[in-house]
Amino acid sequence: MTQRAPEATPAGAGPHGIAQRILESPSSATVRIADMAKTLRRQGVNVVDFSAGRASEHTPKYICQAASEAMMSGDTHQTMAQGTPEYRQACARKLRRENNMEADPETELIATFGCKNGLTLSLLAIMNPGDEVILEDPGFVSYAPTIQFFGGTPVPVPLEPDLNHRWREERLRAAVTDRTRAILFCSPHNPTGTVHTPEELDMIGRVARDHDLYVISDEIYERVTWGDHKHTCLATRPDMEGRVITLMGLTKTASMGGWRIGFAYAPPHVIEAMNTVQQHLTTCVGSFTQAGAAVAFGEEPKPELTGMWKDWAERCEYMTSELNALPGVSCAMPEGGFYGWADIRETGEGSEALAERLLKDHHVAVVPGSAFGGQGEGFLRITCVKSWEDLKEGVRRMKEALA
Ligand code: PMP
């Protein structure tokens, strides 16, 4: 038996069509490039991969141990849709210890399959079809497609390069219409590395209050900021009660991307709605992953984690200064997160053309800035937290490519 459709039509009626909302959505450029790099590797090519947004380290052993013990002792069944009470309590401890927030684990927290699932649950909980959601350009590649999948309209608002990739208040206000439901943003930012100060968060908060909007605050990189830059949670700012959905996760900062784990902190009426969605969509997040993540969030970070973050700062410093020294390229140290956002406009090459040339001719994978939105053209995103060996070899190859 073959699964191939007799006459596969990309769209339209009949059993062989594909839904319009999927056809309208581009595939994830970051995942596509990482896949291309993997294919080259399988063909025996030694590719240095700076495209995927993950560090070279594996999850620290003490976290794996906790999950493994939970699994071996029979913690292998569905949990409450909202997540185990132990995991939610661990998340509440983390928020108190690291973020100055008091969350009620009973009513204000829900376990999610990473931040992407946190976003899915948030949008299904608060957005009606036809609603608009304001987002950053450039911004994380999955935001706009996710909004579209659920019948919403993404409204990208350019970040201003002269404000070091932040929103200008007038421009943000001008994007609000009577269909706007929420502002979605990310700090520390993927791809630009910007970390919002309390005053900048207050600007976003002001706009949200003036127009009675929700704010979805993606804080997946919050545990890694560099130099004097400190992460502040939007939800801790004055007069933000009742409208902020905070998303956090372990994919990036604990090298736990394969675990698919995070949480959302939101007002009780939103958590209740998210919980209803989770009950039907997925039942619950994995039981033993929650047990491992409870240790990763609940306990003070151990040296395996803090030592890794310290080394990441050094790798980001090294990589961005090397990039900055390439002809036609300028790249600042990120304020937070682990990407170099390299300005390549002076090379005269487009971001896709250069990314393709780097991969095909020099076997270095990077993400073209255009993948993050129209305003990303002229930039490349380069993950700086690969092994020292990869960083050095990748720099050598990029020097060759841009000589
Ligand atoms: N938000 C941002 C800004 C990201 O960069 C990523 C991962 N690239 C995600 C969300 C997805 O996170 P998770 O793996 O927790 O779903």
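Throughout this description, residue numbers start from 1 for each chain and increase along the sequence as written. Given that the model is predicted, a residue must reach a pLDDT of at least 70 before its local features are reported, and side-chain atom pairs must reach 80 or more before they are shown or counted; all residues, however, enter totals for whole chains, interfaces and linings. Computation of side-chain values: all heavy atoms of the structure, hydrogens and water removed.

1. Here we look at the state of the cysteines
Here is the idea: a disulfide is a covalent bond, and it sits between the sulfur atoms of two cysteines. We call a pair of cysteine sulfur atoms a disulfide whenever their separation is within 2.5 Å. Scanning the model with the defined rule gives 0 disulfides in all. In this structure C91 is not part of a disulfide, and its nearest cysteine sulfur, from C115, lies 11 Å away. Judged by its relative accessible area of 1%, C91 is buried. Residue C384 stays outside any disulfide, its sulfur separated by 4.5 Å from that of C316, the closest cysteine. Residue exposure (1.4 Å probe, protein chains only): buried if accessible area is under 20% of the type maximum, exposed if over 50%, otherwise partly exposed. Of the residues examined, C384 reaches a relative accessible area of 0% and is grouped as buried.

2. Thoughts on the pairing of strand β6 (residues 214-218)
Under the DSSP-based scheme used, a helix requires at least four consecutive residues in state H or I and a strand at least two consecutive residues in state E, with every element numbered from the N terminus. The element β6 is largely enclosed, with a buried count of 5 among its 5 residues. Sheet topology note: the strand β5 (residues 180-186)/β6 ladder contains 5 bridges and is parallel. Bridge pairing in β6 links C186 to D218. Since β5 and β6 lie parallel, the crossover through helix α8 (residues 198-210) that links them has a hand, and here it is right-handed. Each pair of strands is called paired provided DSSP finds at least two bridges between the two strands. By convention a crossover is right-handed if, when the strands point away from the viewer, the path from the first strand over the helix to the second runs clockwise.

3. Thoughts on the site of the ligand
Any residue with a heavy atom lying within 4 Å of a molecule or strand is counted as near it. Around the ligand sit 13 residues, and of these C115, N190, D218, Y221 and T251 come closest. Definition of a polar contact: a pair of N or O atoms within 3.5 Å, with one able to donate and the other able to accept a hydrogen when the atoms are protein atoms, and with sequence-neighbouring residues admitted only if both atoms are side-chain atoms. Between the ligand and the protein, one listed contact pairs a nitrogen atom with a side-chain N or O atom of K252 at 2.7 Å. For the ligand, an oxygen atom lies 2.8 Å from a polar atom in the side chain of R260. The Shrake-Rupley method, run with a 1.4 Å probe sphere, supplies the accessible areas, and residue values consider only the shown protein chains as cover. Coverage of the ligand by the protein chains reaches 92% of its 400 Å² of free accessible surface. Looking at which element gives the most residues to the shell around the ligand, the answer is helix α5 (residues 114-126), with 3 residues. For the shell around the ligand, the per-class residue count stands at 6 nonpolar, 3 polar and 4 charged. Under this grouping Gly is polar, as are all residues other than the nonpolar Ala, Val, Leu, Ile, Met, Phe, Trp, Tyr, Cys and Pro and the charged Asp, Glu, Lys and Arg.

4. Quick word on the pattern of salt bridges
Salt bridges are identified by distance alone: a Lys or Arg side-chain nitrogen within 4 Å of an Asp or Glu carboxyl oxygen. Inspection of the entire model under this criterion finds 27 salt bridges. Here E98 ties to R97 by a salt bridge, and the two come within 2.8 Å at their closest N and O atoms. Between E169 and R173 there is a salt bridge, with the nearest N and O atoms lying 2.9 Å from each other. Taken as a pair, E169 and R173 lie in helix α7 (residues 169-174) at a separation of 4 residues, close to a single helical turn. On the basis of relative accessibility, which here comes to 22%, the residue E169 falls in the partly exposed class. Among the residues examined, R173 registers a relative accessible area of 27% and is labelled partly exposed. Overlapping salt bridges, with partners in common, bring together K94, R97, E98, E222 and R223 in one network.

5. With respect to the sheet that holds strand β8 (residues 262-265)
Within the open sheet, the 7 strands sit side by side as β2-β8-β7-β6-β5-β3-β4. Their pairing is mixed. Each of the sheet's edge strands pairs with one partner strand only, and the pair in question is β2 (109-112) and β4 (153-158). Averaged over all adjacent pairs, the angle separating strand axes in this sheet is 25°, with direction ignored. Here β2 pairs with β8 via 4 bridges, running antiparallel. When the sheet's bridge partners are listed, L109 is paired in β8 with Y265. Contacts from α5 reach β2, β3 (132-137), β5, β6, β7 (244-249) and β8, with the element oriented near 160° to β7. Inter-axis angles, ranging from 0 to 180 degrees, are taken between N-to-C directions of lines fitted to C-alpha atoms, where helices are fitted over the stretch in contact. Throughout, a contact is declared for two residues whenever any of their heavy atoms are within 4.5 Å.

6. Side note on helix α9 (residues 268-281)
Residues separated by three or four positions in an α-helix point in the same direction, a consequence of the helix having 3.6 residues per turn. Multiply 1.5 Å by the residue count of a helix minus one, and that product is the helix's expected span. For α9, with 14 residues, the first-to-last C-alpha span of 20 Å sits near the 20 Å given by 1.5 Å per residue. Those residues of α9 not exposed but buried are V270, I271, M274, N275, V277 and Q278. Taken end-on, α9 shows its buried residues confined to a sector of 165°, consistent with a single buried face. Within α9, the exposed residues directed more than 90 degrees away from the buried face are E272 and H280. Among the structural elements, β2, α5, β6, β7 and β8 are those in contact with the buried residues of α9. This arc corresponds to the set of directions leading from the helix axis out to the C-beta atoms.

7. Considerations on the domain arrangement of the protein chain
Residue ranges for the domains originate in an automatic or database domain assignment. Splitting the protein chain by domain gives domain 1 (20-58 + 303-402) and domain 2 (61-298). A separation of 25 Å is found between the C-alpha centroids of domain 1 and domain 2. Every contact between the two is made by 32 residues of domain 1 and, on the other side, 29 residues of domain 2. The interface formed by domain 1 and domain 2 contains 1 salt bridge. Here E335 ties to R166 by a salt bridge, and the two come within 3.0 Å at their closest N and O atoms. Joining domain 1 to domain 2, the criterion identifies 16 residue pairs in polar contact (both at pLDDT 80 or more). When residues of the side of domain 1 that touches domain 2 are traced back to their parent elements, those giving at least two are α1 (20-23), α11 (303-324), β9 (339-343) and β12 (379-383). Here the side of domain 1 that touches domain 2 gets 7 residues from one element, more than from any other, and that element is α11. When grouped by side-chain class, the residues that make up the side of domain 1 that touches domain 2 number 16 nonpolar, 11 polar and 5 charged.

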